[in-house]
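# Structural description and commentary
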Amino acid sequence: MSAANKFHQSFVQEDLARVVMPMDLSQLNNSCVLITGASGFMGIWLTELLTHLIKTQQLNLKLYLLATDFSFAKREAPHLYEQNENINVICDDIRSLHELPADVEWIIHAAASPDLRVHNSQPIYASQTIAQGTLTLLECATRLPKLKGFLNVSSGYVYGYHSTKELIAEKSFEGFDPTSFSAAYVEAKRYAESLCTIYRNQFRLPILNVRPFSFVGPYQSVDAPWAVNNFINDAVNNQPIRIQGDGTAVRSYMYGADMAWWLLNMLLRGESGRSYNLGSAKAITLKELAEKIKHLSGDKIEINHSRALLKSKPSIFVPSVELAQSDMGLRMQFDIDAALLRTIQWYAKSI
Amino acid sequence: MQNQERSVLICDPTLRDGNHAVRHQLTAEQIAIYAAAANVAGIPIVEVGHGNGLGASSLQVGLAKTDDKSALEAARKVLTTSKLGVHVIPGFATIKKDLRLALDVGVDVFRIASHCTEADITERHISYIREHGREVYGVLMMSHMASEDILVEEASKMQAYGAEALIIMDSAGAYIPSDVTSRIEALVDALGIPVGFHGHNNLGMAIANSISAVNAGATIIDGTARGFGAGAGNTQLEALIAVFDKLGIKTGIDLYKVLDAGDIAEKYLVETLPTISSVSIVSGLSGVFSGYVKPVNRIAAEYNIDPRDIFFELGRRKVVAGQEDMIIEVATELSKRGRNERS
Amino acid sequence: MKNAIKPLKVAILGSGNIGTDLLVKTMRSPYLTCTLFIGRNMASAGMRKANELGVKISDQGIKAIQDDPACCDVVFDATSALAHIQHWPILASLGKHVIDMTPSKIGEMCVPSINLEDESSAKNVNMITCGGQASVPIVYAIAAVQKDLEYVEVVSHIASRSAGPATRINLDEYIETTEAAVKKFSGAKHVKAILTLNPAVPCVDMQTTVLVQVASPKLAEISESISKIVSKVQEYVPGYQLLVGPVLENGRIVVTVKVCGLGDYLPKYAGNLDIINCAAIAAAEHYAKSRA
């Protein structure tokens, strides 16, 4: 293992030690978890967390990791896949599944790229992976004798476009135009939720939805087309941070380790049939975000606004997470400053 | 909107689109002379290169007298306040051969272009520039060939790939102001990035179209000195700045100095001042890429046919930019047809 | 009576447009028989088509061949360059003759009208690109007459609808691979490849133009050389036709060819996909004959 990989491994262990709280894990012991989309940001963090629990809590747990391509995951986190007898990697297209190992008791369905570029360049592939992939997985799940929980990873975008300051709660749906090209990803996600509902109804499968918002941290590719990644990429490369528009767009960010811990709690303790928002409820404008990143990286760089002065349309994408807090008492351990600092440290060392 | 202080970012492709007008024969000295004048005038972005952009010097479109590296370096040396820009069409330019070179020379703004319905060929190129921390715009060429909703979809793709602004080009000079208004309004409404307009003057509409674009919410406008550009030329920059001054639209450009830059262009770059020739009007009417005027005229003379017939036939076949070889095929066919009719 | 040739067993890896069109072409060939059609998704159109044609199908990817190595002698790999890089060592160890439809650039580049003889022994045969298959024969015919070519350029236009997401995202690879082939078969010092997508409806046929600049062009000889090779290409690509030239225009030799597809699985306008598949079938048939 290279020095960079050793650094990755211990870095993530420190983060996980901070988020793991005392919890009854007996349900997981001697069981088996399937993660789809296991090679992505969410999948790698979940694999890290479960591997961490296996080691630190003497858990007997088998993992099945499903994805079409593990090259990114194996490059970034080889320690997870080399000589790890708890892990079984399945390289397959979720759409062609017809059977799952009979010992699977827990499923986290995180297949589908959240990358806007994929939705735009390969819209049919993106929609099909979500719609057909979810259908295939549910169909297989109906034949699992010991299934205890099925967590469907949906998207915070299912709520439609929001422009008011109110946090988006689990019932805050706004309408949108299904014929618009950019709605295709969201419509597929909505359809996937709908499929979960009818399979729960017809087969009484223990299913719940999780709707993720925005995240930051290790295992996101630095070229991902989101503002926070661009800003951090600029900062780490010592070049000016460039803000598009007037910087008034409002977002919120949850750190990868918190995300993984919350997801596991939702799987084990969430109420079947419910939908939970996943993310941070602490709003921040892109302008404030850029300033924080500038400050955290030593105040050496400038912030430039796009020269064609543009008044941005109000855009707000921040969840209410009260439901997760009241049902499961979840709290974030990394506030925005800690999350950004850890992410900058990670990329500064990795690049 | 009308009462607010309005400002527009000017991009000047004199040293790129103008290359079409001189069959891509601009020299490094000419580039340095005009770039220096543009820099003094405070023009924000100066675009340099072969008429079809980076890596486009070819037998197909025309071999450039000055290679990309020398042309960009000549401009880079004198552009102290203006940014250096390039036009990039994937299919001509590649990341390894061309984008890397331009990054090394120190190009500031990359305008990655595709035909108006083919934005997904720009994903890799836009992402690459974004990762390397330079400014990157998306450009939809021949935009008259797509409806508003298709333009919005394609523009949204470029935005998703990381484009920081979106320019539509009236590459054939085919628009009238109402066409521009509806398209720009739709784009401004749908996108979260600045929208721009690049005009051509085939139907004498370039300035009027540019004003319509600004009134519809565009904040980036292209113009060239003396309108030096493909076909009947581009939007004439000096006149555009004067009109913007009159309308109270800020550009940050010094009027006298941009007039001087125009004079310098006329003296050092321009062979014949752009005019709205009969053939250019037909090019605009038939919706064919303005850059085809020179090769069409040449080939029409060689094959002894009417260049206007060639343009209408190319328009019927819906050719896009980069299909210059079709001109010979069309000329061959028209001359055969002519012979058959005579015999 | 001659002994009937026992057809060679081929497996097709990849159930997309290319793979499925290859299947239809294979079924028509007296020298080839498709014994396994492999995809990843049983519900895909290609898999359903193969099933309907009565061909054995599998959704297990390369594993299907590993599990039953005797199922085939030849493998067409119509997946992606990335996947082919992983497939090749496995197929090589199983001793398969591989015809690579992806731009992975692993094997020897093959244009059936030019170098079939040399390629029959190669275990990994690379089919270059559609623009390469269309332009290289012309380039080669010109180079046979005009020695020491300085610069060769090839320009292709294809219908937008025939360019799927993989082609679009890999334009740079298309250009690099085509340029490598033009260089290899022309010996020119400098080469350039250009690709344009045309969205016109009805869809345009694939058209490829070769442009060459030479000091003293021997047009008559070139013309003869080209017409010979065009008929050779037509033996395996029926829709290949000379449209323009060679003509001398503005100091350039210009030759334009057009490729209409056979309309097997893909529509006729997809001449770009048809020509590379026709070439692959020609390469496989040649191998079949050489073994018979």
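Reading the values: rules and limits
Residues numbered from 1 in each chain as written. Chains lettered and ligands numbered in written order. Predicted model: local features only at pLDDT ≥ 70, side-chain atom pairs only at ≥ 80, totals over all residues. Helix = DSSP H or I, 4+ residues; strand = E, 2+ residues; numbered from the N terminus. Rg over C-alpha atoms; globule rule 2.2 N^0.38 Å. Buried ≥ 20, exposed ≤ 12 C-beta atoms within 10 Å, placed from the backbone. Contact = placed C-beta atoms within 7 Å. Nonpolar A, V, L, I, M, F, W, Y, C, P; charged D, E, K, R; others polar. Pairing = 2+ DSSP bridges. Axes fitted to C-alpha atoms, helices over the stretch in contact; angles between N-to-C directions. Core = buried A, V, L, I, M, F, W, Y, C linked by C-beta atoms within 7 Å. Parallel < 35°, antiparallel > 145°, perpendicular 65-115°, else oblique. Left-handed = near helix turned anticlockwise from the far one by under 90°. pLDDT = per-residue confidence, 0-100.

## Things to note about the overall build of chain A
Looking only at helices and strands, chain A has twelve helices and 13 strands in total. What you see for chain A is a C-alpha radius of gyration of 20 Å, in line with the 20 Å of a compact globule of 351 residues. If you line up chain A on its principal axes, its C-alpha atoms span 60 × 50 × 40 Å. When burial is assessed residue by residue, chain A has 44% of its 351 residues classed as buried. Residue pairs at least 24 apart in sequence account for 85% of intrachain contacts in chain A once pairs closer than 6 positions are excluded.

## Focus on the overall build of chain C
Across its full length, chain C holds ten helices and twelve strands. A compact globule built from 292 residues would reach a C-alpha radius of gyration of about 19 Å, and chain C, at 19 Å, matches this within 12%. In terms of overall dimensions, chain C has a C-alpha envelope of 60 × 45 × 35 Å along the principal axes.

## Focus on the interface of chain A and chain C
Buried accessible area, meaning the area lost when the parts come together, often serves as the stated size of an interface. Listed by partner, the interface residues are seven residues for chain A and eight residues for chain C. Broken down by class, the residue content of the side of chain A that touches chain C amounts to one nonpolar, four polar and two charged.

## Quick look at the interface of chain C and chain B
Counting residues at the interface gives 29 residues for chain C, matched by 28 residues for chain B. At the level of elements, strand E8 (151-159), helix H7 (165-169), helix H8 (171-186), strand E9 (190-198), strand E10 (206-212), strand E11 (240-249) and strand E12 (252-259) of chain C are the ones that each hand at least two residues to the side of chain C that touches chain B. Residue contributions to the side of chain C that touches chain B peak at six residues, all from E9 of chain C. In terms of residue class, the side of chain C that touches chain B is built from 14 nonpolar, eight polar and seven charged.

## Looking at unusual backbone geometry
Here Gly 245 of chain C and Pro 246 of chain C are connected by a cis peptide whose omega angle stands at 10°. With respect to the helices, strands and loops of the structure, Pro 246 of chain C is situated in strand E11. Here the phi dihedral of Arg 204 of chain A falls at roughly 55°; this positive angle occurs in a residue that is not glycine. Locating Arg 204 of chain A in the fold gives a position in the loop between helix H7 (184-203) and strand E6 (207-212). Despite not being glycine, Asp 299 of chain A shows a phi value in the positive range, around 55°. Position of Asp 299 of chain A relative to the elements: it lies in the loop between helix H10 (286-296) and strand E13 (303-305).

## So, the sheet that holds strand E5 (residues 149-153) of chain A
Residues and elements named next belong to chain A. If you walk across this open sheet you meet the seven strands as E3-E2-E1-E4-E5-E6-E11, and the pairing is parallel. Unpaired on one side and paired on the other, strand E3 (87-91) and strand E11 (275-278) mark the two borders of the sheet. Here the strands of the sheet are splayed against their neighbours by 20° on average, with no regard to which way each runs. Strand direction decides the pairing type here: strand E1 (residues 31-36) and strand E2 (residues 61-67), joined by six bridges, are parallel. By the bridge assignment for E2, Val 33 is matched with Leu 63. Each of strand E4 (106-109), E5, E6 and E11 is contacted by helix H9 (residues 256-269), which is oriented at about 135° to E5, the strand it contacts most.

## As for the nonpolar core
Counting residues in hydrophobic clusters, the biggest one holds 220 residues, and the most contacted among them are Tyr 34, Ala 75 and Leu 166 of chain B together with Ile 12, Val 139 and Ala 280 of chain C. Counting residues per element, this core draws most heavily on helix H10 (residues 271-291) of chain C, at twelve residues. In this view, Ala 75 of chain B contacts Leu 15, Ile 31, Ala 32, Ala 35, Val 46, Val 48 and Leu 84 of chain B; residues no more than four positions away in its chain are not counted. Within the second largest apolar cluster, 91 residues are counted, among which are Met 42, Trp 45, Ala 126 and Phe 334 of chain A.

## Overview of the sheet that holds E10 of chain C
Residue and element names in this part refer to chain C. With mixed pairing, the five strands of this open sheet are ordered in space as E9-E8-E10-E12-E11. Edge positions in the sheet fall to E9 and E11, since each of these pairs with one other strand and no more. When strand polarity is set aside, the average angle formed by the axes of neighbouring strands in this sheet is 15°. Taken strand by strand, helix H9 (residues 219-236) contacts E11 and E12, and its axis lies near 165° from that of E11. The strands touched by H10 are E8, E10, E11 and E12; relative to E12, the strand with the most contacts, the crossing angle is about 85°.

## Side note on the pairing of E4 of chain A
All names here are of chain A. With burial as the criterion, each face of E4 is covered, one bearing Trp 106 and Ile 108 and the other bearing Ile 107 and His 109. Two strands pair when backbone bridges link them, and E1 and E4 are joined in this way by four bridges, in the parallel orientation. Bridging across to E4, Ile 35 finds its partner in Ile 108. Judged from the four bridges that link them, E4 and E5 form a sheet pairing that is parallel. Paired with His 109 across the strands is Asn 152, a residue of E5.

## Let's talk about the environment of Val 107 of chain B
All names here are of chain B. Checked against the element boundaries, Val 107 lands in the loop between helix H4 (95-105) and strand E5 (109-115). Along the backbone, Val 107 and Ala 160 are 53 residues apart, and their C-alpha atoms lie at a distance of 22 Å. The residues contacting Val 107, other than those within four sequence positions of it, are Leu 72, Leu 84, Gly 85, Val 86, Ala 102 and Arg 134.

## As for helix H8 (residues 227-236) of chain A
All names here are of chain A. Among the ten residues in H8, eight count as buried, and that is most of the element. Within the sequence span of H8, burial applies to Val 228, Asn 230, Phe 231, Ile 232, Asn 233, Asp 234, Ala 235 and Val 236. Where H8 is buried, its residues contact strand E7 (215-216), strand E8 (241-243), H10 and helix H12 (336-350). Positive phi shows up at Asn 238, right after H8, with a value of about 60°.

## Notes on the pairing of E10 of chain C
Note on strand geometry: in a regular strand, side chains alternate between the two faces of the sheet. All names here are of chain C. Among the seven residues of E10, seven are classified as buried, and the element is accordingly described as predominantly covered. Relative to E10, E8 is paired through six bridges, and the arrangement is antiparallel. Paired with Val 152 across the two strands is Val 212, which belongs to E10. Examined bridge by bridge, E10 and E12 share seven bridges and lie antiparallel to one another. Residue pairing for E12: Val 210 is matched across the bridge by Val 255.

## A few points about the packing of H8 of chain A against H10 of chain A
Helices that pack against each other are described as a pair by the angle of their axes relative to one another and the distance between those axes. Residues and elements named next belong to chain A. Relative orientation of the contacting elements H8 and H10 amounts to 30°, with a least axis distance of 10 Å. It follows that H8 is roughly parallel to H10 by the angle criterion. In the packing of H8 onto H10, the handedness of the crossing is right-handed. Taken together, the residues of H10 that come into contact with H8 (itself represented by Ala 227, Val 228, Phe 231, Ile 232 and Ala 235) are Leu 286, Leu 289, Ala 290, Ile 293 and Lys 294. Here the contact of H8 with H10 is built from residues that sort into nine nonpolar, no polar and one charged.

## Describing the packing of helix H6 (residues 123-141) of chain A against H7 of chain A
All names here are of chain A. Relative to each other, H6 and H7 sit at 5°, their axes nearing to 9 Å. With respect to their mutual orientation, H6 and H7 come out roughly parallel. On the side of H6, the interface is formed by Pro 123, Ala 126, Ser 127, Ile 130, Ala 131, Thr 134, Leu 135 and Leu 138, while H7 contributes Ala 184, Tyr 185, Ala 188, Lys 189, Tyr 191, Ala 192, Leu 195, Cys 196 and Tyr 199. A per-class count over the contact of H6 with H7 returns 14 nonpolar, two polar and one charged.

## A look at the confidence of the model for chain C
Per-residue pLDDT for chain C has a mean of 88; in total, 96% of the residues score no lower than 70. Reported confidences for the modelled complex are a pTM of 0.85 and an ipTM of 0.87.

## Structural notes on the environment of Leu 259 of chain B
With respect to the element layout, Leu 259 of chain B can be found in helix H10 (residues 255-268). Between the alpha carbons of Leu 259 of chain B and Ala 41 of chain B there is a distance of 8.7 Å; along the sequence they are 218 residues apart.

## Quick word on the environment of Val 320 of chain B
The residue Val 320 of chain B is located in the loop between helix H13 (307-316) and helix H14 (325-342) in this model. With 206 residues separating them in the primary sequence, Val 320 of chain B and Ser 114 of chain B have C-alpha atoms 10.0 Å apart.

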